[in-house]
Amino acid sequence: MPKCYALQETPTQSDSRHNTALQLGHYVAGLSFSKIDTATKEAVIRCVLDALVSAAAALELPGVKASQRAAQALYGAGRSTLWFTRSDVSEAAALYANSAAASALDLDDGNRMARGHPGAAVIPTALALVHNHPQIAVRDFMAAVVAGYEVGIRMATAKPNYAPSGSWSGFAVVATAGRMLGVSAEIIAQALAIVAQTAPALPALAGLAGSDLKEGIPAGVASGWAALQLAQAGFAGPTAMLDDPELFDLDTILHNLDGQPLINSTYFKIFGCCRHIHAPLEAFLHLQSVHGFSARDIIKMEVYTYRATFNLSNKPHPLTLVEAQYSVPYCLALCALQGSDALLPLDSCHLSNVEVRDLAEQVQVVYDASIEPLFPVRSPAWVAVNLANGVRLESPLIDPRGDPDRPLTWDDLEHKLSVATRSTLSETQQRALLDGMAALRKEELEPLLRALDAQEVET
């Protein structure tokens, strides 16, 4: 028999049965910009830029265009924008379609312990609300982004087993929108409870099915937005669900809630593929830079990694970009033959490349038990390359760049913008986006919103 959870319309702080949801609600509602240090403000700016770059790089994908059409049909017009399109839509349409774009190419940010992608939910939500509520101050915008990452990551990490991002991104949306709109702690608690039972129930390996759905982040975003609207309208949720130790580790949710914000543990990607593939790519590039061999010298490659990498489809001949994003052999072969920029982002033009397919057939993924204890705090790998002249080269164990311990510089993020959007944004648009980020550092949002509103920025 399924568990029954009592409903409570207005939980109080003293009611221990609903303490977790309400404590999160008080954290979100009470998060002050004055508590956010300089490093965290910079993390917000980096996360905003990275989400926008990831979405801009995906503008021409059929799945992204389909999500834009569907979002407008489902949610209608308004004053928010579909990024870089000149299309004005409702808040719900904007946050759904922009989330789909941000997550489409697997370029978006992530968190190691959550094993997923908070930015593709949080940033589209925050920017959609700013368009419709111009009175929202930049400081509230930044605090809301911090709150969204905090709650989303905590709820993801508190689940007893791995769950795709879409199953917990709704929590992040409730926190982001709740803080931006000044919603009370009690209402936020109800919304968190509602989304706990209405978020998409994705199978653990949902991202590997090879479709536009991927990890279901836009569906999770929609559930979070709906949950907040329901709670504000007086709808009551099963708040005791968040206190159920069979569903969530309560210590993980609440431990050190007022400590260093978890947005500071965000990682950023330099390749448009699953994070499990990044360390093998960097290990290969390390060997190539040290020894100077050509891809055509390679007769075999071996990737030594942890168990989660074997959850990927790893097809040497992917038929779609989504399948390619989850294939170690394909990505490694493509990088060897076409260079690392060919993965920023992946392009369907390479899927039929016979030379890439042939080399991918020579890539073997091998389990290394000594690496297993390092995951998920780290996601390292090492690579061995066998050359035609009989030489075998082995890389050291390498962690991917972009993790907090190997952070990308701002120049790295600008390079990502330049390369990833080379086919979708003009140089003028790229510069306008960077100018918008500079303005955000000065607590001004209008230049950034202008950069997102137009297909081409006038000079």
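Residues numbered from 1 in each chain as written. Predicted model: local features only at pLDDT ≥ 70, side-chain atom pairs only at ≥ 80, totals over all residues. Heavy atoms only, no water.

Enquirer: Residue-level account of the overall build of the protein, with values.
Expert: From N to C terminus, the protein includes 17 helices and 8 strands. Here the protein has a C-alpha radius of gyration of 22 Å; the compact-globule value for 459 residues is 23 Å, and the two agree. Viewed in the frame of its principal axes, the protein has a C-alpha envelope of about 75 × 60 × 40 Å. Relative to all contacts within the protein whose residues are 6 or more apart in sequence, the contacts with residues 24 or more apart total 76%. Per element, the accessible surface of the protein, about 17700 Å² overall, is 51% carbon and sulfur. (Helix = DSSP H or I, 4+ residues; strand = E, 2+ residues; numbered from the N terminus. Rg over C-alpha atoms; globule rule 2.2 N^0.38 Å. Contact = heavy atoms within 4.5 Å. Areas by Shrake-Rupley, 256 points an atom, 1.4 Å probe, with all protein chains shown as cover.)

Enquirer: Describe the environment of Val-28, with residues and values.
Expert: With respect to the helices, strands and loops of the structure, Val-28 is situated in helix H1 (residues 19-30). C-alpha separation for the pair Val-28 and Ser-87, spaced 59 residues apart in sequence, amounts to 31 Å. Setting aside anything within four residues of it in sequence, one finds Val-28 in contact with Ala-147, Val-151, Ala-175, Arg-179 and Ile-188.

Enquirer: Outline the UniProt feature "domain: MmgE/PrpD C-terminal" (unreviewed entry) in the protein, supporting the account with residue identities and numerical values.
Expert: UniProt marks residues 271-434 with the feature "domain: MmgE/PrpD C-terminal" (unreviewed entry), using the numbering shown here. Overall, residues 271-434 shows 34% helix and 13% strand. The separation of its end C-alpha atoms is 21 Å. (UniProt positions renumbered as here; feature names shortened; annotations may be inferred.)

Enquirer: Let's hear about the domain arrangement of the protein: which residues, and what values?
Expert: Along its sequence, the protein is organised into domain 1 (20-267) and domain 2 (275-394). Each of domain 1 and domain 2 was reduced to a C-alpha centroid, and the two centroids are 32 Å apart. Taken residue by residue, the interface counts 16 residues in domain 1 and 19 residues in domain 2. Carbon and sulfur atoms make up 62% of the surface buried where domain 1 meets domain 2, a total of about 1500 Å² over both sides. Taken together, the connections running from domain 1 to domain 2 amount to 4 residue pairs in polar contact (both at pLDDT 80 or more). (Domains from an automatic or database assignment. Buried area = accessible area lost by both parts, 1.4 Å probe. Polar contact = N/O pair within 3.5 Å; in protein donor to acceptor, adjacent residues only side chain to side chain.)

Enquirer: Account for the packing of aromatic side chains, naming residues and giving values.
Expert: All told, the structure shown has 5 aromatic pairs when counted by the stated rule. Measuring from ring centre to ring centre gives 4.4 Å for Tyr-306 and Phe-375, while their planes differ by 15 degrees; the resulting arrangement is stacked. Residue Tyr-306 is located in the loop between strand E5 (298-305) and helix H12 (321-325), and its partner Phe-375 is located in the loop between strand E6 (363-367) and strand E7 (382-387); the two are separated by 69 residues in the primary sequence. The residues Tyr-306 and Phe-375 share a single accessibility class, namely buried. In this structure, Arg-275 is placed above the aromatic ring of Tyr-267, and the distance from its NZ or CZ to the ring centre is 4.3 Å. Across from the ring centre of Tyr-367, 4.3 Å away, lies the NZ or CZ of Arg-307, which sits over that ring. (Phe/Tyr/Trp six-rings, centres within 6.5 Å; stacked < 30°, edge-to-face > 60°. Buried < 20%, exposed > 50% of the residue type's maximum accessible area, 1.4 Å probe, protein only. Lys NZ or Arg CZ within 6 Å of the ring centre and 35° of its normal.)

Enquirer: Which residues make up unusual backbone geometry, and what are the values?
Expert: Cis geometry is adopted by the peptide bond preceding Pro-345, which originates at Leu-344 and carries an omega value of -5 degrees. In this structure, Pro-345 sits in the loop between helix H13 (328-338) and helix H14 (354-360). In this model, Phe-375 is joined to Pro-376 through a cis peptide bond whose omega is 10 degrees. With respect to the helices and strands, the residue Pro-376 is situated in the loop between E6 and E7. Of note, the phi angle at Phe-84 is positive, near 65 degrees, even though the residue is not glycine. Turning to its location among the elements, Phe-84 is positioned in the loop between strand E1 (80-82) and strand E2 (87-89).

Enquirer: Explain the state of the cysteines to me, and be specific about the residues and the numbers.
Expert: Following the criterion strictly, the structure yields 0 disulfides and no others. Considering cysteine sulfurs only, Cys-274 is the nearest to Cys-47, which forms no disulfide, with 19 Å between them. Not engaged in a disulfide, the cysteine Cys-349 finds its nearest cysteine sulfur in Cys-331; these two sulfurs lie 14 Å apart. (Disulfide = S-S within 2.5 Å.)

Enquirer: Tell me about the pattern of salt bridges, and please be specific about residues and values.
Expert: In this structure the tally under the stated criterion is 17 salt bridges. Measuring nitrogen to oxygen at the nearest pair gives 3.1 Å for the salt bridge that ties Asp-140 to Arg-179. Here Asp-140, found in helix H6 (residues 138-158), pairs with Arg-179, found in helix H7 (residues 169-180); they are 39 residues apart in sequence, far enough to count as distant. Arg-179 gets classed as buried once you look at its relative accessible area, which sits at 11%. Measuring nitrogen to oxygen at the nearest pair gives 3.4 Å for the salt bridge that ties Arg-401 to Glu-282. Remark: Glu-282 occurs in helix H11 (residues 278-291) and Arg-401 occurs in the loop between strand E8 (392-394) and helix H15 (410-420); sequence separation between them is 119 residues. Look at Glu-282 and you get buried, because its relative accessible area is 11%. In this structure, a network of salt bridges that share partners links the residues Lys-300, Glu-302, Arg-392 and Glu-394. (Salt bridge = Lys/Arg side-chain N within 4 Å of Asp/Glu carboxyl O.)

Enquirer: Can you tell me about the environment of Leu-262, naming the residues and giving the values?
Expert: As for its position among the elements, Leu-262 is in the loop between helix H10 (250-254) and strand E4 (266-267). C-alpha separation for the pair Leu-262 and Asn-111, spaced 151 residues apart in sequence, amounts to 8.7 Å. Setting aside residues no more than four positions away along its own chain, Leu-262 makes contact with Asn-111, Glu-150, Ile-153 and Arg-154.

Enquirer: Report on the nonpolar core, specifying residues and quantitative values.
Expert: Ranked by internal contacts, the top residues of the largest apolar core, which has 151 residues, are Ile-123, Phe-141, Leu-440 and Leu-448. Of all the elements, H6 adds the most residues to this core, at 14 residues. Excluding residues that lie within four positions of it along the chain, Leu-440 makes contacts with Ile-45, Val-48, Val-138, Phe-141, Met-142, Leu-445 and Leu-448. (Core = buried A, V, L, I, M, F, W, Y, C linked by side-chain atoms within 4.5 Å.)

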